[in-house]
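Next come the chains, spelled out residue by residue.
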Amino acid sequence: MPNTSYAGDTYLDYPQVEAVCRELVARHPDWVALDVVGHSRHGRPLLLLTIGAAGDRDERPGFWLDGGTHAPELTGVMSALYSAARWVEGLAAGDAELVAWFSDQTAYVMPCISPDGFQAIMEGAPFLRSTLRPPPPGVVRQGFQPRDIDGDGRVRWMRWRHPAGAWVDTAEAPHVPRPRTVDDDPSDAYFLASEGEFIEWDGVTWTAAPREHGLDLNRNFPGSWRRFTMFGMDGGDYPLSEPESRAVVEAFRGRRRIAAAVTNHTYTGCILTQPYRKDTPLAEPDIRLMESLATQAVEGTGYRVIRTYPDFMYDPNKAIVGVWADTLSTTFGVPGYTLELWDPYARVGEQIDKPVEFFRRPDPDVLCRLLQTWAAGADTWSPWRPFDHPQLGPVEVGGLEYLRTVRNPPEQELAAECAKGHAVADRVRRSLPRVHAELRVETCADGLREVTLVLENVGFLPTSGLALAESIGTAPAPFAALELDDGASVVRGSTTQVLEHMDGWGQLQVSSANLIYADLPDRGHRAVARWLVRGDGAITAMWDAGRGGRGRLTE
């Protein structure tokens, strides 16, 4: 593909991400626009690319793609940017399918929702979840804090020998840790932690300090929000308490014809779909529609489809709240998916059937095999090096390059993962409702004309996005209106007529899941408005199909 502005083959920092976005607009202004929809806590612009033929882009059916809600999930940012570049360069090259689609529909791409945290990670900061929000008032930070102590720009592991340590070396690979057993010699044991030092230390205790930046932005969205803590992280003081989440929701809400969305994360190699909790407001048809689309979206990628509840719960008794993808579906009535890019276990030949359960209770043998595989690579493992720690004395620094092995792929494998993410995003954007309109005018006796407007949805999704959107009123209501030349008048039928939402073929497929018993739906994919008009002149029908877009026809 000519003039590719980003090929997904290297990790970019936030200024470079912004430069690619601005380059796309500068080179292809007929297809791309760039908006700053807000600013981060530290003043970085929150960028939103709008891709589609120039004109009323926001009045066409829309697809939303984002990344970077979590700062260390670099692949999500890169994959979103890769998709934008692929679409735009395809349009510039005259790809017939893309030109046709983007002439009638729109894609919105926000590459990075948490630019402060993302940039901090790219500059070598220790692991942080999302933004650089400081600790809440009253939190006293005392104890061990990860940081780069040897000045090499990376925060790796640190270990030091002590008989109270919980780790020892693996016999087959002495540089790789394994859990200690009661049979091990205490003199072989050591403590293992991120590279770092103690703050406000009492000189005795070896305990962790509260997180410096503990906000999980993906628990700060409105969907079933309530106060939340997990792994030392929280969901903010109230829903949308953070400038980043607030800007994202406002940007989405202002583009009312968006009908489907994907938000990129890492890691697991799966797409998460509804429901998010047992008491979900989504009815089973919406859940099955989303699952059907997800299954098609991941075809050929090796990714799995996982229902968040009950199969992706960190705590089976504690609902996951305030999530952006869940907000998309339950607050806005839009099919919203979390795409968990990159499966580090599959990369080293391990199949994890229950990824969250494995995260909570990992198999030590599998972890050891995982580490041994990564330890064989010069770019995925750093040899242990002696270091004179100012507080602990002799320690060793090195080990796993976590950000580019477990959390994200090694850089040489990034392009392949971006391509998988693009395959998913590309299929979901092709699921949008697509409404065709036909205006029929038939001459009758006594100077009358019968006018019929037929709207037909040939897309996978209904014109509401999800059925829930109809009940909560978040999808624009379909209607049709007639405009006549002077002297003509409507003698039968309201000038403006409210129409029903139109089903998509995905709904029909799900409702008739058993091919043997296939049948026609209760509502269907068409809507009709009829008028009887007296008088001559042009007749114009203006139609609005909710998330299926709008248009005008004249006879």
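One can find the structure itself at the top, above this paragraph.
Definitions and limits used
Residues numbered from 1 in each chain as written. Predicted model: local features only at pLDDT ≥ 70, side-chain atom pairs only at ≥ 80, totals over all residues. Heavy atoms only, no water. Helix = DSSP H or I, 4+ residues; strand = E, 2+ residues; numbered from the N terminus. Expected span 1.5 Å × (residues − 1). Buried < 20%, exposed > 50% of the residue type's maximum accessible area, 1.4 Å probe, protein only. Arc of directions from axis to C-beta. Contact = heavy atoms within 4.5 Å. Core = buried A, V, L, I, M, F, W, Y, C linked by side-chain atoms within 4.5 Å. 1 Å grid on protein atoms, 1.4 Å probe; cavity = no way out; pocket = protein on both sides within 12 Å on 5 of 7 lines; lining within 4 Å. Points joined across faces, edges and corners; volume = space filled by probe spheres on them. Nonpolar A, V, L, I, M, F, W, Y, C, P; charged D, E, K, R; others polar. Phe/Tyr/Trp six-rings, centres within 6.5 Å; stacked < 30°, edge-to-face > 60°. Lys NZ or Arg CZ within 6 Å of the ring centre and 35° of its normal.

*Asks:* Requested: an account of helix α1 (residues 14-27), with residues and values cited.
*Replies:* Count 3.6 residues to each turn of an α-helix, and residues three or four apart come out pointing the same way. With 14 residues, α1 should reach 20 Å at 1.5 Å per residue; the first-to-last C-alpha distance of 20 Å fits that figure. Those residues of α1 not exposed but buried are Y14, V17, E18, V20, C21 and L24. Buried residues of α1, viewed axially, fall in a sector of 155°; they line one side. Elements in contact with the buried residues of α1: β1 (32-39), β2 (45-51), α2 (74-92) and α4 (115-122).

*Asks:* Could you give me a rundown of the nonpolar core, with the residues and numbers involved?
*Replies:* Residues Y6, I51, F63, M78, W87 and F102 are the most contacted members of the largest nonpolar core, which totals 67 residues. A per-element tally of this core places α2 first, with 11 residues. Grouped together as the second largest cluster of nonpolar side chains are 19 residues, L48, W64, V248 and A261 included.

*Asks:* Residues and numbers for the layout of surface pockets, please.
*Replies:* Its boundaries defined by the atoms lining it, the second largest pocket holds a volume of some 430 Å³. Looking at the second largest pocket, it is lined by 20 residues, and the ones nearest its centre are D503, Q507, L508, S511 and P521. Breaking the lining of the second largest pocket down by element, the ones donating at least two residues are α6 (284-297) and α14 (505-511). Here the lining of the second largest pocket takes five residues from α14, the largest share from any one element. Residues of the lining of the second largest pocket, tallied by class, amount to eight nonpolar, six polar and six charged.

*Asks:* Quick one: what's the story with the packing of aromatic side chains, residue by residue and with numbers?
*Replies:* In the structure shown here, the tally under the stated rule is 23 aromatic pairs. An angle of 55° between the planes, with centres 5.0 Å apart, marks the rings of F252 and F332 as tilted. In this pair, F252 sits in helix α5 (residues 243-253) while F332 sits in the loop between α8 (324-330) and β16 (336-341), placing the two residues 80 residues apart along the sequence. Classification of F332 as buried rests on a relative accessible area of 10%. Seen from their ring centres, F460 and W505 are 5.0 Å apart, and the 90° between their planes marks the pair as edge-to-face. Linking F460 in the loop between β20 (448-457) and α13 (467-472) with W505 in helix α14, this pair joins segments that are 45 residues apart in sequence. For W505, a relative accessible area of 41% translates into the label partly exposed. In this structure an aromatic cluster arises from ring pairing among W64, F221, F252, W324 and F332. Across from the ring centre of Y190, 4.9 Å away, lies the NZ or CZ of R159, which sits over that ring. Note that R404 overlies the ring of Y11, its terminal NZ or CZ placed 5.0 Å from the centroid.

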